[in-house]
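So you can see what is in the structure, the chains are spelled out below.
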Amino acid sequence: MSEREVYDIAVRCWAGLAAVVMPILFLKTAPYGRHTPANARWTLPSRIGWIVMEAPSAIVVAICMLAAPRPVGVVPLMLFFLWELHYLNRSFVYPFRMRGGGRPMPISICTSAFSFTTINGYLNGRWIATFGVYPDAWATDPRFVIGVALFAIGFAINQHSDALLFRLRGRDDTGYKIPSGGLFRYVSCPNYLGEIIEWCGWALATWSVAGLAFALWTVANLAPRARAHHRWYRATFATYPANRRALVPGVY
């Protein structure tokens, strides 16, 4: 079989697996961050864990672009810029903005996330660099324009929400507080909402199975986690605003 044939099978399986995993994640909260068990044994510092598990997304897609068998066009370069805008920040900036370094991360979480970002980076990077066909005219296609706009909106929401969370803590403060401001007025996890909007925009802009699969995976991972955070906030803080939803204002 050719690489393209293997790729087509893999990317469809990847999308299908996301649909299977989603209900499972609603039943079992991923054990990292505030949900890390107190008796977790095999852990590593959270900053190191974040870099290890997120960096493949930035690195693998860059390798796919460099290894493209033909010169990449304007549209793939624009898509590459958007991808790296998110993942260079997520891999190499975000971990050093965390106050107090965050809680230790279970090694199992780090290794499973590393595997995910490597596979997902390959599927999306290989598509935009080689298998996808993006003439310059795609830059004016409504799917691309709307997708990029959604990505930008989601990125802005994600960054602003993260900034508000960072400001809650002092330099050496590791405790949790009730976040406020921005979309925190309406939901417990606007940072997750922003990221979901980003990758839904990516799926639309790339118009690819790889992009759709990533959007499904993002929802599968973050929607259950938002619900778990929301429940944790309400159980931890007696004064937590009763009108807030977990992820989508007025809905969920």
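First, a word on what this report is: a plain description of the structure on this page. (Residues numbered from 1 in each chain as written. Predicted model: local features only at pLDDT ≥ 70, side-chain atom pairs only at ≥ 80, totals over all residues. Heavy atoms only, no water.)

Backbone geometry places Trp207, a non-glycine residue, at a positive phi of 50 degrees. As for its position among the elements, Trp207 is in the loop between α7 (190–206) and α8 (209–236). (Helix = DSSP H or I, 4+ residues; strand = E, 2+ residues; numbered from the N terminus.)

The next thing to look at is the environment of Ala113. By the secondary structure assignment, Ala113 is in helix α5 (residues 107–131). Placed 40 residues apart in sequence, Ala113 and Gly73 show a C-alpha to C-alpha distance of 31 Å.

What follows covers the nonpolar core. Counting residues in each nonpolar core, the largest one holds 33 residues, and the members touching the most others are Tyr7, Leu79, Trp83, Ile128, Trp199 and Trp202. Counting residues per element, the ones that place at least two in this core are α1 (3–27), α2 (46–66), α3 (74–92), α5, α6 (142–167), α7 and α8. Tallying contributions element by element places α1 first for this core, with 6 residues. When neighbours within four sequence positions are excluded, Trp199 is seen to be in contact with Trp83, His86, Tyr87, Phe151, Gly211, Phe214, Ala215 and Thr218. (Core = buried A, V, L, I, M, F, W, Y, C linked by side-chain atoms within 4.5 Å. Buried < 20%, exposed > 50% of the residue type's maximum accessible area, 1.4 Å probe, protein only. Contact = heavy atoms within 4.5 Å.)

Quick look at the packing of aromatic side chains now. Tallied over the entire structure, the rule returns 23 aromatic pairs. Ring centres of Tyr176 and Trp232 lie 5.0 Å apart, and the angle between their planes is 70 degrees; this geometry places the pair in the edge-to-face category. Linking Tyr176 in the loop between α6 and α7 with Trp232 in helix α8, this pair joins segments that are 56 residues apart in sequence. Among the aromatic residues, those joined into a cluster by ring pairs are Trp14, Trp83, Tyr87, Phe116, Phe151, Trp199, Trp202, Phe214 and Trp217. The positively charged end of Arg90 is found above the aromatic ring belonging to Tyr94, 4.5 Å away from the centroid. For Arg143, the ring lying beneath its charged end belongs to Trp207, and the centroid distance is 4.8 Å. (Phe/Tyr/Trp six-rings, centres within 6.5 Å; stacked < 30°, edge-to-face > 60°. Lys NZ or Arg CZ within 6 Å of the ring centre and 35° of its normal.)

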